[in-house]
Structure formats: C-alpha cells, structure tokens
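Below are the chains, spelled out letter by letter.
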Amino acid sequence: MRGLKANHAAAAVALVAAFSVLLLGQTPWLRSAENFKSDLFQVYLSPCPPPVDDIVIVGIDEATLAGFAYRSPIDRAFLAGLIRHI
C-alpha cells in the first residue's frame, strides 16, 4: 500500500510540475514574474567581473560643433582623426 501512495505522490508532483511549465508559457504575467526572478538571481547571486579600465568615453560638446560648418552628421574625417588619436 505504501508503494501505491508513493507512486500517486510522485505522479501528482510530476503533474503539478508539467502544469506549471505549461502555465508559465501561456500566462504573460507569470512569465514576466519568472523573468524578473531570474534577473534578480543573475544580479545578486552572480560573481562580479573585475572592472575594465580600457574604456574611453568621448564627449563632443557645443564648442567642438561650433568649429564645423554643419552639426549633423558630424564630420567623418574629424571622427576618424579622433579614433586614431585614441
């Protein structure tokens, strides 16, 4: 009799698991909650990579744009020289 109850319990767990997987795929708000949970796990439980120090942020301000005849698009020769300099 114990084996039969264990089989019923295992079948019930498998049925609930299968139903949950199907329900997550069909219900947008549950999928959204699952994605949010996964994002939180990724952010808080993943190891932080070491910082990268070879990134340069270049800003082109109004004083730079004032030297050109037009504002947009930015002169490609100027951008090429800037990239060569960096």
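Use the structure listed above.
Residues numbered from 1 in each chain as written. Predicted model: local features only at pLDDT ≥ 70, side-chain atom pairs only at ≥ 80, totals over all residues. Heavy atoms only, no water.

## Things to note about the pattern of salt bridges
Worth spelling out the cut-off: Any Lys or Arg side-chain nitrogen located within 4 Å of an Asp or Glu carboxyl oxygen qualifies as a salt bridge. Segments assigned H or I by DSSP are reported as helices when at least four residues long, segments assigned E as strands when at least two residues long, and all are numbered from the N terminus. Summary of the burial criterion: residues with accessible area below 20% of their type's maximum are buried, those above 50% are exposed, and those between are partly exposed, where the area comes from a 1.4 Å probe applied to protein chains only.
Within the structure shown, the criterion is met by two salt bridges. For the salt bridge of glutamate 34 with lysine 37, the shortest nitrogen-to-oxygen distance reads 3.5 Å. Residue glutamate 34 and its partner lysine 37 are both found in helix α2 (residues 28-45); the two are separated by three residues, about one turn of the helix. Overall, glutamate 34 belongs to the partly exposed group, its relative accessible area being 25%. Taking relative accessible area as the criterion, lysine 37 reaches 33% and is therefore assigned partly exposed. Notably, a salt bridge pairs glutamate 62 with arginine 71, separated by 2.9 Å at the nearest N-O pair.

## Observations concerning a nonpolar patch on the surface
The test is simple: Patch membership requires over 30% relative accessible area and the absence of a salt bridge. Like charges are linked within 9 Å, and nonpolar side chains (Val, Leu, Ile, Met, Phe, Trp, Tyr) within 5 Å. Under the convention used here, a 1.4 Å probe and the Shrake-Rupley method define accessible areas, while residue burial counts only the protein chains that appear.
Residues Phe36, Leu40, Phe41, Val43, Tyr44 and Leu45 make up a contiguous nonpolar surface patch of roughly 700 Å² in combined accessible area. Locating phenylalanine 41 in the fold gives a position in helix α2.

## Brief notes about unusual backbone geometry
If a residue is not glycine, its phi is most likely negative; likewise, a peptide bond is most likely trans. Across the junction of serine 72 and proline 73, the peptide omega takes the value -5°, indicating a cis bond. Tracing the sequence through the fold places proline 73 in the loop between α3 (62-66) and α4 (76-85).

Read these as geometric descriptors, not functional statements.
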